[in-house]
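Results of the structural survey
If you want the building blocks of each chain, they are given just below.
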Amino acid sequence: MSGKKFNVAVAGATGAVGNQMITCLEERNFPVKSIKFLASSRSVGRSLRFKGDMIPVEELKADSFKGLDIALFSAGGSISTDFAPRAAKDGCVVIDNSSAWRMDPDIPLVVPEVNPHAIADYTRKGIIANPNCSTIQMVVALNPIYRKCGIRRIVVSTYQAVSGTGKKAIDELVDQTRAMMNFLNCQVNVYPHRIAFNCLPHIDVFMENGYTKEEMKMVHETRKILEDPTIGVTATTVRVPVFFGHSESINIETKEPLSPDEVRSLLNDAPGVKVVDDPKNNLYPLAIDAAGKDATLVGRIRKDESIPNGINMWVVADNIRKGAATNAVQIAEILAEKYL
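Source: prediction; values computed, not measured. (Residues numbered from 1 in each chain as written. Predicted model: local features only at pLDDT ≥ 70, side-chain atom pairs only at ≥ 80, totals over all residues. Heavy atoms only, no water.)

Section: the overall build of the protein
- The helix and strand tally for the protein stands at eight helices and 13 strands.
- For a compact globule of 340 residues, the expected C-alpha radius of gyration is about 20 Å, and the protein comes in at 20 Å, within 12% of that figure.
- If you line up the protein on its principal axes, its C-alpha atoms span 60 × 55 × 40 Å.
- For the protein, the accessible surface area stands at approximately 15,300 Å², while carbon and sulfur atoms represent 50% of it.
- Seen as two clouds, the 40 positive and the 39 negative side-chain charges of the protein have centres 2 Å apart. (Helix = DSSP H or I, 4+ residues; strand = E, 2+ residues; numbered from the N terminus. Rg over C-alpha atoms; globule rule 2.2 N^0.38 Å. Areas by Shrake-Rupley, 256 points an atom, 1.4 Å probe, with all protein chains shown as cover. Lys, Arg positive; Asp, Glu negative; His and termini not counted. Charge placed at Lys NZ, Arg CZ, Asp CG, Glu CD.)

Topic: the packing of helix α3 (residues 133–149) against helix α5 (residues 213–226)
- Relative to each other, α3 and α5 sit at 40 degrees, their axes nearing to 10 Å. In terms of orientation, α3 lies oblique with respect to α5. Seen from above, α3 lies across α5 with right-handed handedness. For the pair formed by α3 and α5, the contact residues are Ser134, Thr135, Met138, Val139, Asn143, Tyr146 and Arg147 on the first element and Glu214, Lys217, Met218, Glu221, Thr222, Ile225 and Leu226 on the second.
- Residues of the contact of α3 with α5, tallied by class, amount to six nonpolar, four polar and four charged. (Axes fitted to C-alpha atoms, helices over the stretch in contact; angles between N-to-C directions. Parallel < 35°, antiparallel > 145°, perpendicular 65-115°, else oblique. Left-handed = near helix turned anticlockwise from the far one by under 90°. Contact = heavy atoms within 4.5 Å. Nonpolar A, V, L, I, M, F, W, Y, C, P; charged D, E, K, R; others polar.)

A short note on the side chain of Asn309
- Position of Asn309 relative to the elements: it lies in the loop between β12 (296–304) and β13 (310–317).
- Residue classification places Asn309 among the buried residues on the basis of a relative accessible area of 16%.
- Apart from the residues lying within four places of it in its own chain, the contact partners of Asn309 are Ile252, Glu253, Thr254, Lys255, Glu256 and Pro257. (Buried < 20%, exposed > 50% of the residue type's maximum accessible area, 1.4 Å probe, protein only.)

Comments concerning the pattern of salt bridges
- Inspection of the entire model under this criterion finds 15 salt bridges.
- Note that Arg28 is salt-bridged to Glu333, the shortest N-O span being 2.8 Å. One end of the pair, Arg28, is in the loop between α1 (16–27) and β2 (32–39); the other, Glu333, is in helix α8 (residues 321–338), with 305 residues separating them in the sequence.
- Of the residues examined, Arg28 reaches a relative accessible area of 31% and is grouped as partly exposed.
- Here Glu333 falls in the buried class, since its relative accessible area comes to 15%.
- Linked through salt bridges whose partners overlap, the residues forming this network are Glu27, Asp294 and Arg321. (Salt bridge = Lys/Arg side-chain N within 4 Å of Asp/Glu carboxyl O.)

A look at helix α4 (residues 167–181)
- Its 15 residues place the ends of α4 21 Å apart at the C-alpha level, agreeing with the 21 Å of an ideal helix rising 1.5 Å per residue.
- Positive phi shows up at Phe183, right after α4, with a value of about 60 degrees. (Expected span 1.5 Å × (residues − 1).)

Focus on the sheet that holds strand β3 (residues 47–50)
- Taken in spatial order, the seven strands line up as β3-β4-β2-β1-β5-β6-β7 in an open sheet, and their pairing is mixed. Because the sheet does not close on itself, it has two edges, and the strands there are β3 and β7 (127–129). If you compare each strand with its neighbour and ignore which way they point, the axes differ by 25 degrees on average.
- With three bridges joining them, strand β6 (residues 93–96) and β7 adopt parallel strand pairing. In the sheet register, Asp96 faces β7, and the bridge partner there is Ala129.
- In this fold helix α2 (residues 77–89) packs onto β5 (70–73), β6 and β7, with an angle of close to 175 degrees to the strand it touches most, β5. (Pairing = 2+ DSSP bridges.)

So, a nonpolar patch on the surface
- There is a patch of nonpolar side chains on the surface, built from Tyr284, Leu286 and Ile288 and spanning about 290 Å² of accessible area.
- Positionally, Tyr284 belongs in the loop between β11 (273–275) and α7 (287–290). (Patch = residues over 30% accessible without salt bridge, like charges linked within 9 Å, V, L, I, M, F, W, Y side chains within 5 Å.)

Observations regarding the packing of aromatic side chains
- Counted under the stated rule, the structure contains four aromatic pairs.
- Judged by centre distance (6.2 Å) and plane angle (40 degrees), the ring pair of Phe6 and Phe30 falls under tilted. Placement of Phe6 in strand β1 (residues 6–11) and of Phe30 in the loop between α1 and β2 is noted, with a sequence separation of 24 residues between them.
- Under the relative-accessibility criterion, Phe30 is labelled buried at 2%.
- Here Tyr122 and Tyr339 contribute two aromatic rings whose centre-to-centre distance is 6.3 Å and whose plane-to-plane angle is 65 degrees, an arrangement assigned as edge-to-face. Of this pair, Tyr122 sits in the loop between β6 and β7 while Tyr339 sits in the segment after α8, and the two are 217 residues apart along the sequence.
- Overall, the relative accessible area of 12% leaves Tyr122 in the buried class.
- A relative accessible area of 30% places Tyr339 in the partly exposed class. (Phe/Tyr/Trp six-rings, centres within 6.5 Å; stacked < 30°, edge-to-face > 60°.)

Side note on α8
- Bending of α8 peaks at approximately 35 degrees at the position of Asn327.
- By the criterion of burial, α8 is predominantly enclosed, with 16 of the 18 residues buried. (Bend = angle between axes of the 7 residues up to and from the residue.)

With respect to the sheet that holds strand β8 (residues 151–160)
- Taken in spatial order, the six strands line up as β9-β8-β10-β13-β12-β11 in an open sheet, and their pairing is mixed. Looking at strand neighbours, the two that pair on one side only are β9 (232–239) and β11, the edges of this open sheet. On average, each strand axis in the sheet is tilted by 25 degrees relative to the strand beside it, whichever way the strands run.
- Of the strand pairs in this sheet, β8 and β9 are connected by eight bridges, and their pairing is parallel. Residue Tyr159 lies in a different strand from β9, and its bridge partner there is Val238.
- Packing of α5 onto the sheet brings it into contact with β8, β9 and β10 (246–254), and relative to β9 it is tilted by some 140 degrees.

As structure tokens, then:
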């Protein structure tokens, strides 16, 4: 990266993803000239550490972005809808982690390992969208296959950690687990049913077609990122009692034949992917192994014997890191290096 440094803000800095964005900026040594941490008025008075310094949290306001170059947003869709255009108007490029802008045709939806060229379109509105966490890890794993021989259809079932909902969900899983271990009644507040020792086939709201909004995000975002509206995508998204790390069972039908060994070879050379596929020795991707890491883990690669060109795989990644914060910082790195 060039010697230039940038004035950066993190909006939603006190949340789980915002905190991880700060960590990633520091870990990856992003060229920060100055940094500003923004949150709601409730967080004013707190300070967060960055490179050894304690930085006070400021209230997010309309004029918070004057003089800034890049803002990483993880403050929710309504906040992004309101404040991202204001930041862009002040000349600050927004990288937004909410779903507010993902399907706007004038805003690039970017996974750096897959479509980094799309970042160039940030000039249209001054905003770049970070995809849904489940979509990110899936397209990182599938992109090498798609580029090699095309994909007709994707069938994906996800097993998503509670951290995808936020700190309240993490706390609820802890509290419910403790209660059940002590034969006490569980309090259910975050999800419609108990999450401890349970699986909920329900993430986000149900839509008229019977799918949830989370499932349809995966459909539409995958097509936009791969720039191919012809790919058939169907998803079932499930919340499971895991703290960090989303897991996915993915079945694909390719346009041309591809053996499991060829898939492994492609993925071994793919950026951001680590193949963990030695079932004879009980080695396959686990959520506990992905937690705290940036790589997308892929294993259980095998032929789908029910169709001519079918492949099955198991894909796992840390939903807070690669599924959100790391992806956003990677976008910022390319933006800073090539476009600012």
